[in-house]
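One-letter residues, chain by chain:
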Amino acid sequence: MPRRRVFTDAQITALFALPTAEADLIRHYTLGPDDLAVIARRRRPHNRLGFALQLCALRFPGRLIRPGELIPLVIVTFVAEQLDIDPGALADYAIRAPTRYDQLDALRDAFGFRTFTQPDHRELSTWLVPIALATVSAIHVAEALMAELRRRRIAAPGPTTIERMVATALLQAERHAAAKLSGTLSAEKRTALDALLDNHPGNAVSSLAWARQSPGAPGHRSMTRLIDQLRHLRQVGITPTATDGIHADRVRQLAREGSRLTAQHLRALGPLRRHAVLIVTVLDTITRLTDEAIGLFDRLIGRMFRRAERRASANLQSNARSLNDKVRLLTKLGDALFEARETGADAFAAVDKVIPWDRFAEVVAEAKGLIKDDGPDYLALAESNHALLRRVGPLFLDAFEFQGIAAVTGLLRAVAALRTFYAGTRRTLPKDLPTGFIRRSWRPAVFRDGAIDGQAYELCHFAELRDRLRAGDVWVVGSRQYRAVEDQLISKPLFAEMKAAGPLTVAVPNDAALYLQDRKDLLEARLREVCEKAAQDQLVDVRLSGDTLKISPLQAATPEDAERLADRVYARMPRVRITDLLDEVAEWTGIADCFTHLRTGLPAEDRRVVLTAVLADATNLGLTRMAEACSVASYKQLAWTAGWHISEDAYGRALARIVAAQQGQPLAARFGSGTASSSDGQHFPLGGRGEVTGAVNPHKGAGPAISFYTHISDRYAPYHTKAISVAESEAAHVIDGLLYHGTDAGIAVHHVDGGGVSDHVFALCSLLGFRFAPRIPNLHDRRLYAFGPAAAWPRLEPFIAGRIDEALIQAHWDDVLRLATSIRTGAVPASLMLKRLGSYPRQNGLALALREVGRIERTAFTLEWLQNPALRRQATAELNKGESRNGLARAVCFHRLGRIPDRTPENQQHRAGGLNLVVAAIILWNTVYMELAIDSLRAGGERIPDEMLSHLAPLGWQHINLTGDYLWRANRVPSTIGYRPLRAPTELLAA
């Protein structure tokens, strides 16, 4: 019998709690005529009321009311009203003990209820095992058990028995899964798995730990190491089908355990469980390494072209003076020749006056040397990188199996041909290489003098392979991220069934004709309105003249009185350590309970240790230095807690609680409606090991960096954050935050700045039911589209680039709906599909159709933007909230000068999650105490209009001590009202 807890006290309480919500009372505690007839047989009112309550409790949650149990008044009143009895009569119920037992016998005889027996224990324990096989959540198993007890009309036993039964079922499910996984192993494979726990040759770590290490900077050494790691794990011989029949949640749990257990811990496990964990860990690591290898290949090819661009830019800069001299000479020669033509003078003499002919010949020769082809010099690029390609290319092609759509058959044939060539002994490429995949821009470099240039061909091949992998036209067997697009979307047969069964989970009609007619009417109406207002100069702050579009910048809308009010409010705020602030928020929201143990599902014994580990992430201090700066845990305790309790899911659950608490504050309702939000990326430089693998965005700085892309509601709640590469487009991640945030925030309108804008995002937001309202930079350069000829709207004709391709949308409407449904249901992340669709070649129908839908939505929005100054002001106000939140985040993440040292995506996401959680906690704490401060000011006689409160922001941190030692109080001593005392006016004068 397992001796482990699987429930928290709060979960046990909730499992056995009587319902108190009105809807639950109506559903579970409404008595029918037959019930009332049986109840009426009790002679006295208090016995009838007690009997009815016992009946209701047995029906839900399925247990007996304990002697002396205090029943909530709302329940007593609800039942008493149905019996026409005074609720106070319950005080006399069951004064005689035999009365209670007599009524229990009556309940059994009249309604078939019975007590829990040993045979029931055995039978239900067996019944529970299939339930436990389909989940890893103890509370889900317990809820299923309670529901089955209710169905069988068996009074639930005590919490200890329930917990023991659930723990046993989960343990049996674990053993069943482990036996099924280990059953696929031969003796040789078991030996190979155990050998992974031995030290790798030449390393001080185990082979498994060595294989799980992330690569370094893009280069042949990193690629060689990655391929070696893959080969080492593949030699064990575990096939991906080994996990077939095991629930996905249990597989993920085993994989997370394997990622945290050391070789020493794995050796201590029993053979059955050890091999099960190792099987899943090996398969998960192979998949991760496959994705990392493809990503490394992508960055390596991209770095070749970026280096060529930098060299070209440097050459241009170094030749700038020479080019300027020649342009100046050309100007003088032109003026001289024009003058000679007008006067009839000799042209040669005119040239000779400007520059001697011998010098002129030298200048022409110099100019010829400065001539460069348009676009990259592919020949020079191929020559300078050929040695690197010859090192990386054979490894990459030999390590993976590539598949693709019919359009890339030629490229796949080239992959096979180069793989054969690299494996052989020939020094020159064969003459019959496939060339159909070579694009027009590459052909002059590849085909020279009637023959194929080998170096250019190889570079062209790998560049095209990189592009097709990005787009999804080519995929890799065994990859998670670079799978076939069809495998990631909902299957066509299933989509057809969903479509036939009822409305899809999208915000547009299933019929393309209906959608197009609706948008056509909308666009034509808005085009007409804008044209009419432009002709009468009625567009507020907008000047539309010819091909010129100018929008006057918005003026500051925050009144000076609001700024002074903010100063007074923050002056009353209590001074607090960040540790005390977190502890107080944890007490309000229970966020520490969200950081449950990976395997047991129980929270940490000391919440201060968990919160300290969160602070180490948020402040960028790290566990080593945090152990020195805190007083509650050693480094080993923090490392263990971070490894087993801190996860991306846990951060998400904790954030959801804080967001719910903050959004529900009365003062937060003054900040916004709660239905609008914005998102923006915040860049943090990478340092230490993270600097090696970081990407560089020349528009954001010269060094490697990471971006934390955060969504914030109009009530200042940062409800989602994601660590992304600084080189990635922010637009790809807009939808992820709107769909997958996991909080109760009901967002309907979303704003972004220029980095989050794309036609594909416009399209998906419309399809998914979000109103996308970005602040588009350089709006005059963004062309509009219409259903009719541009000449129909003369004032806008210079800005209309063309017509909407209705036929294309209709032809691919089902594919567009399938994509939107797949994203809405979580079958595939929106960011992954947006990145792939953005990389598709022009002939891809889905990408083009989605772009056309985006053009419709962007045009409709732009026309509204021009005639609605309130929309422009709202977008600016919401984006300013996000930028102000970034200032608070920068203040919290101050250690190491804000340079993030982590190089793995998982650890970078932990930094982002910890930072966002602490920022959200500060915002909640500020919101609560700002309201107390406002009430205090009003109580002191100050008149503060409610409309002034919308200009306040809970983003201040001057009153919070973010630096120094991170000390925790053993017991927080609140004031009599449960909150810290505000700073008195006398304190302010003294300060």
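Preceding block: the structure.
Scope of this entry: the structure provided in the associated data block. (Residues numbered from 1 in each chain as written. Predicted model: local features only at pLDDT ≥ 70, side-chain atom pairs only at ≥ 80, totals over all residues. Heavy atoms only, no water.)

### Things to note about the overall build of the protein chain
Logical step 1: Each helix and strand in the protein chain was counted, giving 42 helices and 15 strands.
Logical step 2: For the protein chain, the C-alpha atoms occupy an extent of roughly 130 × 80 × 65 Å along the three principal directions.
Logical step 3: The 991 residues of the protein chain split such that 51% are buried.
Logical step 4: Per element, the accessible surface of the protein chain, about 46,500 Å² overall, is 51% carbon and sulfur.
Logical step 5: Positive and negative side-chain charges of the protein chain, numbering 125 and 109 respectively, have mean locations separated by a distance of 5 Å. (Helix = DSSP H or I, 4+ residues; strand = E, 2+ residues; numbered from the N terminus. Buried < 20%, exposed > 50% of the residue type's maximum accessible area, 1.4 Å probe, protein only. Areas by Shrake-Rupley, 256 points an atom, 1.4 Å probe, with all protein chains shown as cover. Lys, Arg positive; Asp, Glu negative; His and termini not counted. Charge placed at Lys NZ, Arg CZ, Asp CG, Glu CD.)

### Re the nonpolar core
Logical step 1: Counting residues in each nonpolar core, the largest one holds 165 residues, and the members touching the most others are Ile735, Leu796, Trp813 and Ile823.
Logical step 2: Top element by residues in this core is helix H41 (residues 905-939). It accounts for 17 residues.
Logical step 3: Excluding its chain neighbours within four sequence positions, the residues that come into contact with Ile823 are Ile735, Leu739, Tyr740, Leu764, Leu768, Val828, Ala830 and Met833.
Logical step 4: By size, the runner-up hydrophobic cluster in this structure holds 81 residues, among which are Leu197, Leu226, Val277 and Ala445. (Core = buried A, V, L, I, M, F, W, Y, C linked by side-chain atoms within 4.5 Å. Contact = heavy atoms within 4.5 Å.)

### Quick notes on helix H8 (residues 138-152)
Residue pairs spaced three or four apart in an α-helix point in one direction, given the helix's 3.6 residues per turn.
Logical step 1: With 15 residues, H8 should reach 21 Å at 1.5 Å per residue; the first-to-last C-alpha distance of 21 Å fits that figure.
Logical step 2: Those residues of H8 not exposed but buried are Ala138, Ile139, Val141, Ala142, Leu145, Met146, Glu148 and Leu149.
Logical step 3: Residues of H8 that are buried sit in contact with helix H1 (9-16), helix H7 (118-133) and helix H9 (159-182).
Logical step 4: One or two positions beyond H8, positive phi appears at Arg153, with a value near 60°. (Expected span 1.5 Å × (residues − 1).)

### With respect to the packing of helix H19 (residues 378-399) against helix H22 (residues 454-471)
Logical step 1: For the pair H19 and H22, the least separation of the axes is 8 Å and the interaxial angle reads 65°. In terms of crossing hand, the pair formed by H19 and H22 is left-handed. For the pair formed by H19 and H22, the contact residues are Tyr378, Leu379, Leu381, Ala382, Glu383, His386, Leu389, Arg390, Gly393, Phe396 and Leu397 on the first element and Gln455, Ala456, Glu458, Leu459, His461, Phe462, Leu465 and Leu469 on the second.
Logical step 2: For the contact of H19 with H22, the per-class residue count stands at 12 nonpolar, four polar and three charged. (Axes fitted to C-alpha atoms, helices over the stretch in contact; angles between N-to-C directions. Left-handed = near helix turned anticlockwise from the far one by under 90°. Nonpolar A, V, L, I, M, F, W, Y, C, P; charged D, E, K, R; others polar.)

### Notes on the side chain of Asn916
Logical step 1: In this structure, Asn916 sits in helix H41.
Logical step 2: Since its relative accessible area comes to 1%, Asn916 is described here as buried.
Logical step 3: For Asn916, the contacting residues outside a window of four places in its chain are Leu655, Thr710, Pro718, His720, Thr721 and Arg885.

### Observations regarding the sheet that holds strand E11 (residues 749-752)
Logical step 1: The five strands are arranged E10-E9-E8-E11-E12 in an open sheet whose pairing can be described as mixed. The open sheet is flanked by strand E10 (718-725) and strand E12 (771-772), the only strands paired with a single partner.
Logical step 2: By the bridge criterion, four bridges tie strand E8 (residues 676-685) to E11 in an arrangement that is parallel. Across the sheet, the residue bridging to Ser679 is Val752, located in E11.
Logical step 3: Contacts between helix H40 (residues 869-892) and the sheet are confined to E8, strand E9 (705-713), E10, E11 and E12, with E8 contributing the most and set at about 40° to the helix. (Pairing = 2+ DSSP bridges.)

### Structural notes on the pairing of E10
Logical step 1: With six of its eight residues buried, E10 lies for the most part within the structure.
Logical step 2: Two elements, E9 and E10, share seven bridges in a ladder whose sense is antiparallel. The partner of Tyr709 across the bridge, within E10, is Lys722.
Logical step 3: A loop of four residues connects E9 with E10, the two strands running antiparallel in sequence, and Tyr716 in this loop sits at a positive phi of about 75°.

### Some words on H19
Logical step 1: Compared with an ideal rise of 1.5 Å per residue, which puts 22 residues at 32 Å, H19 spans 27 Å between its outermost C-alpha atoms and falls more than 12% short.
Logical step 2: Of all the bends found along H19, the most pronounced is centred on His386 and spans about 55°. (Bend = angle between axes of the 7 residues up to and from the residue.)

### Observations concerning the pattern of salt bridges
Logical step 1: Counted by the stated rule, this structure contains 60 salt bridges.
Logical step 2: The partner of Glu148 in a salt bridge is Arg151, with the nearest N and O atoms 2.6 Å apart. Linking Glu148 with Arg151, this pair stays in helix H8, spanning three residues, or about one helical turn.
Logical step 3: Of the residues examined, Glu148 reaches a relative accessible area of 8% and is grouped as buried.
Logical step 4: On the accessibility criterion, Arg151 (59% relative accessible area) is exposed.
Logical step 5: Here Arg855 ties to Glu852 by a salt bridge, and the two come within 2.9 Å at their closest N and O atoms. Taken as a pair, Arg855 and Glu852 lie in helix H39 (residues 845-867) at a separation of three residues, close to a single helical turn. The pair formed by Arg855 and Glu852 is uniform in burial state, with each residue classed as buried.
Logical step 6: Three or more residues joined by partner-sharing salt bridges are found here, namely Asp298, Arg439, Glu464, Arg466, Asp467, Arg468, Arg470 and Asp473. (Salt bridge = Lys/Arg side-chain N within 4 Å of Asp/Glu carboxyl O.)

### Details of the environment of Ala849
Logical step 1: Mapped onto the secondary structure, Ala849 falls in helix H39.
Logical step 2: Residue Ala849 is classed as buried on the basis of its relative accessible area, which comes to 1%.
Logical step 3: When neighbours within four sequence positions are excluded, Ala849 is seen to be in contact with Leu808, Ile809, His812 and Val816.

### Focus on unusual backbone geometry
Logical step 1: Residues Phe60 and Pro61 are joined by a peptide bond in cis, for which omega reads 10°.
Logical step 2: Here Pro61 is to be found in the loop between helix H4 (45-59) and helix H5 (73-83).
Logical step 3: One non-glycine residue, Asp541, lies in the positive phi region at around 60°.
Logical step 4: With respect to the element layout, Asp541 can be found in the loop between helix H25 (512-535) and strand E5 (542-545).

### Comments concerning the environment of His645
Logical step 1: Note on placement: His645 falls in helix H30 (residues 635-645).
Logical step 2: Each C-alpha atom of the pair His645 and Arg599 lies 9.4 Å from the other, and the pair is 46 residues apart in sequence.
Logical step 3: Here His645 is in contact with Phe595, Thr596, His597, Leu602, Pro603, Ala604, Trp640 and Ala650, once residues within four sequence places are set aside.

### What about a positive patch on the surface?
Logical step 1: A surface patch of positive charge is lined by Arg306, Arg307, Arg310 and Arg311.
Logical step 2: Relative to the helices and strands, Arg311 resides in helix H15 (residues 271-318).
Logical step 3: The exposure class of Arg311 is partly exposed, given its relative accessible area of 43%. (Patch = residues over 30% accessible without salt bridge, like charges linked within 9 Å, V, L, I, M, F, W, Y side chains within 5 Å.)

### What to know about the packing of helix H35 (residues 759-768) against H39
Logical step 1: With their axes 7 Å apart at the nearest point, H35 and H39 run at an angle of 80° to one another. Accordingly, the angle class assigned to the pair H35 and H39 is roughly perpendicular. Within the contact between the two elements, H35 uses Asp759, His760, Phe762, Ala763, Leu764, Ser766 and Leu767 and H39 uses Ala847, Leu850, Arg851, Val853, Gly854, Arg855, Glu857, Arg858 and Phe861.
Logical step 2: The residue inventory of the contact of H35 with H39, partitioned by class, reads eight nonpolar, three polar and five charged. (Parallel < 35°, antiparallel > 145°, perpendicular 65-115°, else oblique.)

### Re the packing of aromatic side chains
Ring pairs (aromatic) are described by centroid distance and by the angle formed between their planes.
Logical step 1: Tallied over the entire structure, the rule returns 21 aromatic pairs.
Logical step 2: A connected cluster of aromatic rings, assembled from ring pairs, spans Phe297, Phe396, Phe400, Phe402 and Phe462.
Logical step 3: The positively charged end of Arg890 is found above the aromatic ring belonging to Phe684, 4.4 Å away from the centroid. (Phe/Tyr/Trp six-rings, centres within 6.5 Å; stacked < 30°, edge-to-face > 60°. Lys NZ or Arg CZ within 6 Å of the ring centre and 35° of its normal.)

### With respect to the state of the cysteines
Logical step 1: Scanning the entire structure with this criterion turns up zero disulfides.
Logical step 2: Cysteine Cys630 is unpaired, with the sulfur of Cys893 as its nearest cysteine sulfur at 18 Å. (Disulfide = S-S within 2.5 Å.)

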